[in-house]
Amino acid sequence: MSIASSKTNSLAQYLEQLQGTTLRRLYQQPSAAFAIFRRMLPHLAKTIVMACLYMPTPFLLSDLEIWVRPTAKREKDQAISILKSLHIVAISIPAKDAPQTLSLTPNFRTSLRLALEGGGRHNSFGVPSTQPVPAEIDAAFLDRYAHKKWDDILHFVVNSVGLGGSSTISSSSASGPKQSVKDLLVGGRLVERRNVGSGINITQAGFTFLLQETNAQVWTLLLLWLEAADHAANGGDKTGSAAAVDSVDMLSFFFLLASLELGRAYSTDALTERRQNMLPNLVDFGLIYIPPSNPHQFFPTRLATTLTSSETALRSVSAGFSAATTGLPSSSSPSSSSGEAADGSGSGGVSGGPGGAGVLGDAQDRNSIILETNFRMYAYVQSPLQIAVLALFSELKFRFRGLVSGHLTRASIRRAIDMGITSDQIVSYLATHAHEQMRRQAAAARKPLLPPVVVDQIRLWQLDSERMAATPGWLFRNYDSQQEYLDMANFADDIGVVVWRNDRRRMFFAHRIDQIKDYMKVRGKAREQQQQQK
Amino acid sequence: MSEKRSKGNVVAVRGSQSNTKIGVLVECDPSIKSIIINLDSENNAYIIEDLDETHLLIKENHLGELKARLDDRLKETVPVVENDSDSDRDVK
């Protein structure tokens, strides 16, 4: 199962394992180059790219050294390393007569310039539909629609936990996601069928998925879909390759979607046939809406337009979701907050007006948990989704209308950790959902929000069951000279891949090897040249 | 390629490649490490390299098995405390 074995859960991991040629093709589309620039790069890397963007000649590496403070060498090296792995910059091979230079790869440079200047006829930022827009479709409508679709998917995953109260949950979301989406979740091992006839069970990956912010969840699903499509294309008949999915094309289509504007209609006719074929899947995920009356139009929802927003912090289910659906200013991408669409969504998020109506339940659930020093927890929650999430790591004892109460126990936390939730995830979930009363008291007494005794205990319980931390990777050893060892180890340390090192024994352990290999090659060549000259 | 290189270089380049070991770095307490070493002493199924007091290099394909056996060993030796958090019980 290639789908399950490759653990490409995040966009960054997925992009990094792509080939250089693939990335270069991706960068042909300005919206893709722009999206990668905006979402994937750390601040310093962005600065370097912007500096090189309009430079007529390659940038001398020695000049870059001068720009960056000596204390920030590590950050600089990591930025360059990311830029190199994404094939955004190329660095010339060191030679005796010419100093090393850094330059943007041509496709990326052209595309990013086009994206910033708005020139060209690439249609890479979508073609607005000229047909009349149905009156009932506005930002609020799309938010409600996206919310419903996405909640169905989350419910499906949470339901598979099989903890108490699941019967009430399933009745409240009778419709559920499409079979294709269910298959995708099973294929991606977020849930699995352990025994025939016993229904489905959630996996570790599924839990991590549940506690991710919505943005990351959407990407997880999209990448799962890409991998599944790739898999089908490679395994299937080669003759039908014209109809098969081109993952690069699809990826750039996702980036295109991310650059669209919420509440605007776009024309499906301007899309290639492959992309048109992809649309039903996006409808199933709730990323776009196609009005039944007019299949030539599609509306991106907030799930799609925030795909490349820079919000990357780990947030909890409902906080992440309400942010994505109510349009908190922080999470709405620049493209969706510009123009007329911003008016409707902005007011909806702030005042709870028409835009917030569909997500009122989540907004209430957000500040709902009271955690006492005796490990008791009271949560004023209504949504079955929230209750199910709480049940993942606590022992719920009572359920009233609008209130559940329970205990955090060693057993409940261990159960959660065995299923793949980390103590940090639990603590951050409790903190983001802490009740207003807790916040007030903590602020008044100048104490931490959550009782430290409980937080510490949760962490200790995790340590209890995780006696060892394992990191797959490569051990480098048997160096002949200290200088050679230090050269390699320091290089690896600077690009941030060293997990452990012991200078006395001349060994280090790295969790990534590609760039170290490249470095070894370059160094080997340089030495060779030196030897020849002698 | 390699013929052109001087002797020293061949050793350096080839050496560093063949001496790259794939595996899993395991970080743990010395007490846990001693249990792992004990488990490994039967037929050297797990450990590739003993790195330092708290680090070991473990064969990747045997990691799951090792974890399971370590858990079993710990269950024998570490008592499980029931409901240690529940200081004030509900009245039954």
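Because the structure is a prediction, the values reported are computed rather than measured.

Asker: Please clarify how the sheet that holds strand β7 (residues 288-289) of chain A should be interpreted in this entry.
Answerer: Each strand in a sheet pairs with its neighbour through backbone hydrogen bonds, running either in the same direction (parallel) or in the opposite one (antiparallel). Residues and elements named next belong to chain A. Read from one edge to the other, the open sheet built from 3 strands follows the order β6-β8-β7, with strand pairing classed as antiparallel. With one partner strand each, in any of the chains shown, β6 (266-267) and β7 form the two edges of the open sheet. Here β6 runs beside strand β8 (residues 297-300); their pairing, made up of 2 bridges, is antiparallel. Residue pairing in the sheet places Tyr 266 in a bridge with Phe 298 of β8.

Asker: How should I be thinking about the packing of helix α20 (residues 384-393) of chain A against helix α22 (residues 423-432) of chain A in this particular structure?
Answerer: Helix-helix packing is characterised by the crossing angle of the two axes and by the distance between the axes. All names here are of chain A. Where α20 meets α22, the axes come as close as 11 Å, and the angle between the chain directions of the two elements is 140 degrees. The angle between α20 and α22 falls in the class oblique. Once α20 is placed against α22, the crossing between them reads as left-handed. Between α20, through Gln 386, Val 389, Leu 390 and Phe 393, and α22, the contact on the second element is made entirely by Ile 426, Tyr 429 and Leu 430.

Asker: Quick question: what am I supposed to make of helix α15 (residues 273-285) of chain A here?
Answerer: All names here are of chain A. Along α15, the helix axis deviates most sharply at Leu 279, where the bend reaches about 30 degrees; the proline Pro 280 sits within four residues downstream. Buried residues of α15: Arg 275, Met 278, Leu 279, Leu 282, Val 283, Asp 284 and Phe 285, and no others. Within two residues after α15, Gly 286 carries a phi angle of roughly 85 degrees, on the positive side.

Asker: Would you mind going over the environment of Glu 65 of chain A with me for this structure?
Answerer: All names here are of chain A. As for its position among the elements, Glu 65 is in helix α6 (residues 61-67). Here the alpha-carbon distance between Glu 65 and Lys 76, two residues 11 residues apart in the chain, equals 8.7 Å. Engagement of the side chain of Glu 65 in a polar contact is seen with the side chain of Lys 76, the distance being 2.9 Å.

Asker: Would you mind going over the sheet that holds strand β10 (residues 376-379) of chain A with me for this structure?
Answerer: Residues and elements named next belong to chain A. Taken together, the 4 strands give an open sheet; going across it, the order is β9-β10-β12-β11, and neighbouring strands pair in antiparallel fashion. Strands with a single pairing partner mark the edges of an open sheet, and in this sheet they are β9 (369-371) and β11 (395-400). If you compare each strand with its neighbour and ignore which way they point, the axes differ by 15 degrees on average. Bridging between β9 and β10 involves 3 bridges; their strand directions are antiparallel. Counted as the bridge partner of Ile 370 is Tyr 378 from β10.

Asker: Looking at this structure, how should I read the packing of aromatic side chains?
Answerer: Given two aromatic rings, their pairing is described by the distance between the two centres and the angle made by the two planes. Residues and elements named next belong to chain A. Evaluated as defined, the whole model comprises 15 aromatic pairs over all chains. Note on Phe 393 and Tyr 429: the rings are 5.8 Å apart at their centroids and 75 degrees apart in plane angle, and the pair reads as edge-to-face. Taken as a pair, Phe 393 in helix α20 and Tyr 429 in helix α22 lie far apart in primary sequence, 36 residues in all. Exposure class is identical for Phe 393 and Tyr 429. Each is buried. Relative to Phe 508, the ring of Phe 476 lies with its centre 4.7 Å away and its plane at 5 degrees, an arrangement referred to as stacked. Placement of Phe 476 in strand β13 (residues 468-476) and of Phe 508 in strand β15 (residues 507-510) is noted, with a sequence separation of 32 residues between them.

Asker: Got a minute to help me understand the pairing of strand β3 (residues 55-58) of chain B in this structure?
Answerer: A regular strand carries its side chains on alternate faces of the sheet. Residues and elements named next belong to chain B. Every second residue of β3 is oriented toward a common face, with His 55 and Leu 57 on one face and Leu 56 and Ile 58 on the other, all of them buried. Pairing analysis gives 4 bridges linking strand β1 (residues 20-28) to β3, with the strands arranged antiparallel. Paired with Glu 27 across the two strands is His 55, which belongs to β3. Sheet topology places strand β2 (residues 47-52) next to β3; 4 bridges connect them, and they run antiparallel. From the neighbouring strand, Asp 50 faces β3, where its bridge partner is Leu 56. In this structure, the hairpin formed by β2 and β3 is closed by a connection of 2 residues.

Thresholds, definitions, all that
Residues numbered from 1 in each chain as written. Chains lettered and ligands numbered in written order. Predicted model: local features only at pLDDT ≥ 70, side-chain atom pairs only at ≥ 80, totals over all residues. Heavy atoms only, no water. Pairing = 2+ DSSP bridges. Helix = DSSP H or I, 4+ residues; strand = E, 2+ residues; numbered from the N terminus. Axes fitted to C-alpha atoms, helices over the stretch in contact; angles between N-to-C directions. Parallel < 35°, antiparallel > 145°, perpendicular 65-115°, else oblique. Left-handed = near helix turned anticlockwise from the far one by under 90°. Contact = heavy atoms within 4.5 Å. Bend = angle between axes of the 7 residues up to and from the residue. Buried < 20%, exposed > 50% of the residue type's maximum accessible area, 1.4 Å probe, protein only. Polar contact = N/O pair within 3.5 Å; in protein donor to acceptor, adjacent residues only side chain to side chain. Phe/Tyr/Trp six-rings, centres within 6.5 Å; stacked < 30°, edge-to-face > 60°.

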